[in-house]
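Structural features, examined
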Amino acid sequence: MRDDRDDKAQARRRFLGGLGLAAVAAPAAAIEADGGTGGLAPRKEGERARRTPRYRETDHVRDFYRTNRY
């Protein structure tokens, strides 16, 4: 009985370890050896997007700051 429980625990650890390895390997497979992304060009930021404000203090941001006392 004890050996059966240990076998299940080891199988579970191997499975979870494989999931962890897959989580690391999948993004790494998308990047080529030279650091490129397969010829995909980065999106260019236009002049209008460059001038727009990126940070907006909305109600949920204010609530977050208020509740966390920032």
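Let us look at the structure shown here. Please read these numbers as outputs of a predicted model, since none were measured by experiment.

This part covers the pattern of salt bridges. Scanning the entire structure with this criterion turns up seven salt bridges. When the shortest N-O distance is used, the salt bridge between E47 and R51 registers 2.8 Å. Remark: R51 and E47 occur in helix α2 (residues 47–51); sequence separation between them is four residues, near one turn of the helix. A salt bridge links D63 to R66; the nearest nitrogen and oxygen atoms lie 3.2 Å apart. Here D63 pairs with R66, and both are found in helix α3 (residues 59–68), just three residues apart, close to one helical turn. The exposure class of D63 is partly exposed, given its relative accessible area of 38%. For R66, a relative accessible area of 57% puts it in the exposed group. A network of salt bridges, in which partner residues are shared, links E45, E47, R50, R51 and R54.

Rules used in this analysis
Residues numbered from 1 in each chain as written. Predicted model: local features only at pLDDT ≥ 70, side-chain atom pairs only at ≥ 80, totals over all residues. Heavy atoms only, no water. Salt bridge = Lys/Arg side-chain N within 4 Å of Asp/Glu carboxyl O. Helix = DSSP H or I, 4+ residues; strand = E, 2+ residues; numbered from the N terminus. Buried < 20%, exposed > 50% of the residue type's maximum accessible area, 1.4 Å probe, protein only.

Nothing here speaks to function; it is geometry throughout.
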